[in-house]
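Fold and contact review
The residues making up each chain are set out below.
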Protein chains: 2
Amino acid sequence: MRADARKNYSHLLAVARDIVTEHGVDASMRDIARRADVGLATLLRHFPTREALFEALMCTNLDALAQKADELETSNSPDEALVSWFREGVAFVHSYRGVVDLIASAHADPDSALFASCATVHAVGARLLLRAQAEGTARADMNGDDLFALMSALGWLEGQPAFAPRADHLFHVIASAILTNPSKRVD
Amino acid sequence: MRADARKNYSHLLAVARDIVTEHGVDASMRDIARRADVGLATLLRHFPTREALFEALMCTNLDALAQKADELETSNSPDEALVSWFREGVAFVHSYRGVVDLIASAHADPDSALFASCATVHAVGARLLLRAQAEGTARADMNGDDLFALMSALGWLEGQPAFAPRADHLFHVIASAILTNPSKRVD
DNA sequence: ACCTGAACACCGTTCAAGT
DNA sequence: ACCTGAACACCGTTCAAGT
């Protein structure tokens, strides 16, 4: 990458982080370019899609989440590791307001720039879930998809001002459901 | 209302139902007006906001949901009534793809055209929850907000193609959590 | 190589002018 | 009363032209 291009790249990323933090996932690409004193087409050259921009914005968070899994796996019991990581995962899918919708659709779209990140999170979560299931502390009728889905649902709740105040409590409700072997069937 | 206005109203509603069923909550208002052979401004006269349009689209669903609560309350045990109605509630908040986001934000915005509908659903749900709690079959540390939030989260999951296949199973997971008195605390 | 302005086809809002 | 076309300020996409 040429020197001026590299400078544009990191500057755009910094500006985008600010604007996206403030306006959420629907922030105007034009606004970002404008605030960065760069042509809109230049922004689109570096990040051809909104997904590509968010992939770049969240890649450090992603690495941290994967590393956290390693730490938890070696120093905690399987059930504690699962729930602690689950909490981090909820925060990750809600890195920015509304981004969980992008993640949810990228999760099923191999062409999305966010697909690889989703797959990583999915795989790491599935590993921790399996470990807790082997121990018998996590309910056996769940798989990696379910974990990812519940993580996303909680991330979505956090993004809704109406629900955010109860999100922490609902995390406990759902986490306890994951750690409960179903004794009775509900219809 | 004048005769021609009434005709426009019901025709617009029918067309809107089709387009919204196909394209979800982000359907273009212009498209709806176009397909109805009516000026865009005429559509906006009848439904000044997107919320107003969806309020009209879902008002019959809303009545049905409230009536369902009455039926369940008189003919079922409190826990069965709660879970059955909860299932209907999830379907309601997901009447159209993406509309749950509109509902979630309307829930906290008294100025929204959907606020009254949200309040109704909230109140009905809280009543059924309270009844099951009094009986001791629903966990005591939940309130009407929590029920509405979980309903919305499940409705959101159903709207995501990546998660929809597991939504039914996750309904069971969450429903069983609601009907479980928490024995141990999870962190 | 990389950047840029401009043209394009869209969106919802608003309102003066019509019937 | 009710409807309408048009002007407006926005959006993301695309590309020919610049450095």
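Residues numbered from 1 in each chain as written. Chains lettered and ligands numbered in written order. Predicted model: local features only at pLDDT ≥ 70, side-chain atom pairs only at ≥ 80, totals over all residues. Heavy atoms only, no water.

As recorded by an unreviewed UniProt entry, chain A carries the name TetR/AcrR family transcriptional regulator and is attributed to Dyella flava.

Concerning the side chain of Ser152(B)
In plain terms, the rule: Put simply, DSSP marks the helices as runs of H or I at least four residues long and the strands as runs of E at least two long, and each gets a number from the N terminus on. Contacts between residues were defined by any pair of non-hydrogen atoms, one from each residue, lying within 4.5 Å.
Structurally, Ser152(B) can be placed in helix α8 (residues 144-159). Every residue in contact with Ser152(B), bar those within four places of it in the chain, is listed here: Trp156(A), Phe163(A), Val93(B) and Val100(B).

Thoughts on unusual backbone geometry
Backbone geometry at Asp37(A) places phi at a positive 55°, although glycine is not the residue there. Relative to the helices and strands, Asp37(A) resides in the loop between α2 (29-35) and α3 (40-46).

Concerning the packing of helix α5 (residues 78-93) of chain B against helix α9 (residues 164-178) of chain B
Packed helices, taken two at a time, are described by their axes: the angle between them and the distance between them. Residues and elements named next belong to chain B. Heads up, the condition is: Note on method: axes are straight lines fitted to C-alpha atoms, helices fitted across the in-contact stretch only, with angles between N-to-C directions ranging 0 to 180 degrees. An angle below 35 degrees is read as roughly parallel, one above 145 as roughly antiparallel, one from 65 to 115 as roughly perpendicular, and any other as oblique. Working rule for handedness: look at the near helix, and if it is turned counterclockwise from the far one by less than a right angle, call the crossing left-handed; if clockwise, right-handed. Each residue receives one of three labels: charged for Asp, Glu, Lys and Arg, nonpolar for Ala, Val, Leu, Ile, Met, Phe, Trp, Tyr, Cys and Pro, and polar for the others, Gly being one of them.
Running from N to C, α5 and α9 cross one another at 140°; their axes reach a closest spacing of 11 Å. Our classification of the angle between α5 and α9 gives oblique. In terms of crossing hand, the pair formed by α5 and α9 is right-handed. Residues Leu-82, Val-83, Phe-86, Arg-87 and Val-90 of α5 form the contact with α9, whose own contacting residues are Asp-168, Phe-171, His-172, Ile-174, Ala-175 and Ile-178. Split by residue class, the contact of α5 with α9 holds eight nonpolar, one polar and two charged.

Examining the UniProt feature "DNA-binding region" (unreviewed entry) in chain A
We count it as follows: UniProt positions are given in the numbering used here, feature names are shortened, and annotations may be inferred rather than shown by experiment.
UniProt annotation of "DNA-binding region" (unreviewed entry) refers to residues 28-47 of chain A when read in the numbering used here. In this annotation, residues 28-47 of chain A is assigned 70% helix and 0% strand; the end-to-end C-alpha distance for the span is 13 Å.

Things to note about the protein's contact with DNA strand D
Put simply, the test is: Nearness is judged by heavy atoms alone; a residue qualifies as near a molecule or strand once a single heavy atom is within 4 Å of it. Within 3.5 Å is the distance limit for a polar contact, defined as a pair of N or O atoms, with the added protein rule that one can donate a hydrogen and the other accept it, and that residues adjacent in sequence qualify only through two side-chain atoms.
Neighbouring residues of DNA strand D: 20 residues in total, closest Ser28(A), Arg30(A), Arg50(A), Asn8(B) and Thr42(B). Close to the protein, within 4 Å, the atoms of DNA strand D are drawn from sugar and phosphate at a rate of 56%. Residue Asn8(B) places a side-chain N or O atom 2.3 Å away from a phosphate oxygen belonging to DNA strand D. At 2.7 Å, a side-chain N or O of Thr42(B) approaches a phosphate oxygen of DNA strand D. When residues in the surface near DNA strand D are grouped by element, the largest group, four residues, is from helix α3 (residues 40-46) of chain B. Its residues assigned to classes, the surface near DNA strand D shows nine nonpolar, five polar and six charged.

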